[in-house]
Amino acid sequence: MSGNGTTPGDDPLQTAVWRLRSRACWADAAALLPTDSPGTALQRAALLVERCLYTERGWEQAEDALRTAEALAHTDDERGAAACERGQLAYTATLHGVRDRADEARAALGRAAALVPPGAPGRALLDFRRGLVAENLTRSPQAARAAYRRAHAGAAAHTDPLLLSFTWRHLAGLALRDGELAEARHGFAESLRIREELGYLVGTAPALASLADAESEPEASRLREEARRLFRLLGGVPTWLARQLAPPAPGVATA
């Protein structure tokens, strides 16, 4: 799910949804949305799919919401967006070791690509998710980098700063893997800046931890401690961050 953290026209419903989502209250946010229109049904599904990524739970609720969104989708844009969420849910289940659904993820994202043309508003998110599959399931960093760059350009063109925070972070991660510390530090810092400006609290701890990986001491330790504080504040979400933030064992030196 993308979304830029703002609410066009100060829509009070979308403002409430954003505030809950950004504070890791995805189920509460989804409960505010009606289920009888394609747009809101898809938004509900996207919220619950995102919860699976961050919490590793709620799989059945996400599947139910996604089936509803798929049933209500009638246009190519709606079907493409639903397929994109289907691919993300399958990717997330594979990533977290719930069940190997890599083939389903690739097929769903491929189906979405056939329905969502290049340049369409939803294409940037789709490109980003195809990059995730390439990086984390296919283990193809070159393909991932190309997809992230397309997503980055699309997010900038459609003024989607939240998605930009994700593309900055993942491009920086690939740069860090290649030993490009300055490029990695810049990308991680941009991701963190955007998330703090948007108030995307649930994504701020991962951004802090990523920037810490590219910084030297004592700044790295300061960033990790701030990430731990936010992680505890949100009740241990995202769950996968616990491993990255685990303090070093006694007697183990840190670089």
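Residues numbered from 1 in each chain as written. Predicted model: local features only at pLDDT ≥ 70, side-chain atom pairs only at ≥ 80, totals over all residues. Heavy atoms only, no water.

Observations regarding the overall build of the chain
Right, on to step 1. When helices and strands are tallied, the chain shows 13 helices and zero strands.
Right, on to step 2. Whereas a compact globule of 255 residues would reach a radius of gyration of roughly 18 Å, the chain reaches 18 Å, a difference of no more than 12%.
Right, on to step 3. With respect to the principal axes defined by its C-alpha atoms, the chain has extents near 60 × 35 × 35 Å.
Right, on to step 4. Within the chain, the proportion of its 255 residues that are buried is 51%.
Right, on to step 5. Pairs at least 24 apart in sequence give 54% of the contacts found in the chain among residues at least 6 apart. (Helix = DSSP H or I, 4+ residues; strand = E, 2+ residues; numbered from the N terminus. Rg over C-alpha atoms; globule rule 2.2 N^0.38 Å. Buried < 20%, exposed > 50% of the residue type's maximum accessible area, 1.4 Å probe, protein only. Contact = heavy atoms within 4.5 Å.)

What about the confidence of the model for the chain?
Right, on to step 1. Summing up the model confidence of the chain, the mean pLDDT is 93 and the portion of residues at 70 or higher is 93%.
Right, on to step 2. Predicted confidence is poor over residues 1-8, with pLDDT under 50, and the contacts of this stretch with residues over four places away or in other chains come to 25 contacts.
Right, on to step 3. Counting contacts from residues 250-255, a segment whose pLDDT is below 50, to residues more than four positions away or on other chains yields three contacts. (pLDDT = per-residue confidence, 0-100.)

As for the nonpolar core
Right, on to step 1. Membership of the largest hydrophobic core comes to 57 residues, with the highest contact counts inside it found for Tyr54 and Val202.
Right, on to step 2. Top element by residues in this core is helix H3 (residues 38-55). It accounts for nine residues.
Right, on to step 3. Setting aside anything within four residues of it in sequence, one finds valine 202 in contact with Arg21, Ser22, Ala24, Trp26, Tyr54, Leu234, Val237 and Pro238.
Right, on to step 4. Formed by 19 residues, the second largest nonpolar core is a distinct cluster that contains Phe188, Ala214, Leu241 and Leu245. (Core = buried A, V, L, I, M, F, W, Y, C linked by side-chain atoms within 4.5 Å.)

What to know about the packing of aromatic side chains
Right, on to step 1. Overall, the coordinates contain six aromatic pairs when judged by the stated rule.
Right, on to step 2. Ring centres of tryptophan 26 and tyrosine 54 lie 5.3 Å apart, and the angle between their planes is 35°; on these two criteria the pair is classed as tilted. Of this pair, tryptophan 26 sits in helix H2 (residues 26-31) while tyrosine 54 sits in helix H3, placing them 28 residues apart in sequence.
Right, on to step 3. Overall, the relative accessible area of 1% leaves tryptophan 26 in the buried class.
Right, on to step 4. With 5.6 Å between their ring centres and 40° between their planes, phenylalanine 128 and tyrosine 148 make a pair best called tilted. You can see phenylalanine 128 sitting in helix H7 (residues 123-136) and its partner tyrosine 148 sitting in helix H8 (residues 141-157), a full 20 residues away along the chain. For the pair formed by phenylalanine 128 and tyrosine 148, the shared burial category is buried.
Right, on to step 5. Note that arginine 195 overlies the ring of phenylalanine 166, its terminal NZ or CZ placed 4.3 Å from the centroid. (Phe/Tyr/Trp six-rings, centres within 6.5 Å; stacked < 30°, edge-to-face > 60°. Lys NZ or Arg CZ within 6 Å of the ring centre and 35° of its normal.)

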